[in-house]
Amino acid sequence: MNSPLIQLLVLAGIAIFLILRLRSVLGTREGFEKPPVPQQPNGRTARDFEVIEGGPDRDITDHVAEDSPQAQELTAMKRIEPGFSVTDFVQGSRGAYEMIVMGFERGDLNDIQPFLAEDVFETFVSVVSDREDQGLKIEAEFIGVRETTLVDAKFDKDSQLAEITMRFVGELTSVVRDRGGDIIEGNANTVKRQKDTWTFARTMGTDDPNWLLVATDA
C-alpha cells in the first residue's frame, strides 16, 4: 500500500473521531429549532402569560361607564374593601327587591325588617297599619324583574359609608279586597309593571355584610 493512501486513511480516521467527539458533547439537532421559550417565575411560559396592568375593572364597567363619577365612587369602595363585588351586589339587590316588595304588599314586615333602615321600616309600618284600619287586604304574586340598573353610587371616605342607587322594573299581579272580600282595585289576571328607584347603604370595611334599604322613590 503506497504512502499517500495510508495518509488518507489516517486523516479520515481522525476526522471520524473528531465528529463523534463533537456529537457526544453538543448533542444532535435535526432541522430548524426555535430557541426555548423562557419560563416565568410561576412556571408558565411567556407565550401563555398575559396580564394587562391598569386595565378597566370589568366588575365595575359592566354596570357603569368606565370614566363616570359612579365608577370612581365604586372604585373607592373597593379600595376600602377589596372583596366587594359590584356584580354580586347587583344580583343581591334584585333578590332583595322581590323579597321587600312582596313583604310590603302582603304586610309581612317582620321578615324584611333586618334589611330596612329604621325610618323606611317605620314608613312601611304606617302604610300597612293604615290598610289594616280600613279593612283592606292585598293579594299579590311576583312575576319577575324585567330591569335592574345601577344608576348612582356615592362613597364618603371619612365615614366609609357607601350608597348605591338601583332602578328596578318589576312585574306582578295585585288585587285589593275590602272587608267583605270584594275586589276594589286591580285584577288577578293582569300583570302590572312597577318601577322603583331604591337606595341601599352600608359602611364598607365592617364585619356586617348587609346592605340596608335607606330610601325609596317610585
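A brief report on the enclosed structure follows.

Calculation notes
- Residues numbered from 1 in each chain as written.
- Predicted model: local features only at pLDDT ≥ 70, side-chain atom pairs only at ≥ 80, totals over all residues.
- Heavy atoms only, no water.
- Pairing = 2+ DSSP bridges.
- Helix = DSSP H or I, 4+ residues; strand = E, 2+ residues; numbered from the N terminus.
- Phe/Tyr/Trp six-rings, centres within 6.5 Å; stacked < 30°, edge-to-face > 60°.
- Buried < 20%, exposed > 50% of the residue type's maximum accessible area, 1.4 Å probe, protein only.
- Expected span 1.5 Å × (residues − 1).
- Arc of directions from axis to C-beta.
- Contact = heavy atoms within 4.5 Å.
- Salt bridge = Lys/Arg side-chain N within 4 Å of Asp/Glu carboxyl O.
- Core = buried A, V, L, I, M, F, W, Y, C linked by side-chain atoms within 4.5 Å.

**Some remarks on the pairing of strand E3 (residues 183-186)**
Then, number 1: Two strands pair when backbone bridges link them, and strand E2 (residues 161-177) and E3 are joined in this way by three bridges, in the antiparallel orientation. Looking across to E3, one finds that Val176 is bridged to Glu185.
Then, number 2: Hairpin connection, E2 to E3: the antiparallel pair is bridged by five residues, and Gly181 has positive phi, about 90°.

**Topic: the packing of aromatic side chains**
Describing an aromatic ring pair means giving the distance of the ring centres and the angle of the ring planes.
Then, number 1: Counted according to the given criterion, the structure contains nine aromatic pairs.
Then, number 2: Pairing Tyr97 with Phe168 gives two aromatic rings, centres 4.4 Å apart and planes at 15°, and the pair type is stacked. Residue Tyr97 is found in helix H4 (residues 86-106), and its partner Phe168 is found in strand E2; the two are separated by 71 residues along the sequence.
Then, number 3: Classification of Tyr97 by relative accessible area gives buried; the value is 0%.
Then, number 4: In this structure Phe168 comes out as buried when scored by relative accessible area, which is 0%.
Then, number 5: Relative to Phe124, the ring of Phe104 lies with its centre 4.8 Å away and its plane at 50°, an arrangement referred to as tilted.

**Considerations on helix H5 (residues 118-133)**
Then, number 1: In this model, H5 (16 residues) spans 22 Å end to end at C-alpha, consistent with the 22 Å of a helix rising 1.5 Å per residue.
Then, number 2: Looking only at H5, the buried set comprises Val120, Phe121, Phe124, Val128 and Arg131. Taken down its axis, H5 places every buried residue within 100° of arc, on the same side. Exposed and oriented more than 90 degrees from the buried face of H5 are Glu118 and Asp133.
Then, number 3: Packed against the buried residues of H5 are H4, strand E1 (137-156) and strand E5 (212-217).

**A short note on the pattern of salt bridges**
Then, number 1: Tallied over the entire structure, the rule returns seven salt bridges.
Then, number 2: Measuring nitrogen to oxygen at the nearest pair gives 3.6 Å for the salt bridge that ties Arg146 to Glu171. Of this pair, Arg146 sits in strand E1 while Glu171 sits in strand E2; the two residues are 25 residues apart in sequence, bridging distant segments of the chain.
Then, number 3: Several salt bridges converge on common partners, so that one network encompasses Asp57, Asp59 and Lys78.

**A short note on the nonpolar core**
Then, number 1: Leu74, Met77 and Ile164 are the most contacted members of the largest nonpolar core, which totals 41 residues.
Then, number 2: Residues in contact with Leu74, not counting those within four places in the same chain, are Ile60, Val64, Val86, Leu150, Ala153 and Ile164.

**Considerations on unusual backbone geometry**
Then, number 1: Of note, Gln160 is a non-glycine position whose phi angle comes to about 60°, a positive value.
Then, number 2: Within the secondary structure, Gln160 sits in the loop between E1 and E2.
Then, number 3: Given the relative accessible area of 27%, Gln160 is considered partly exposed.

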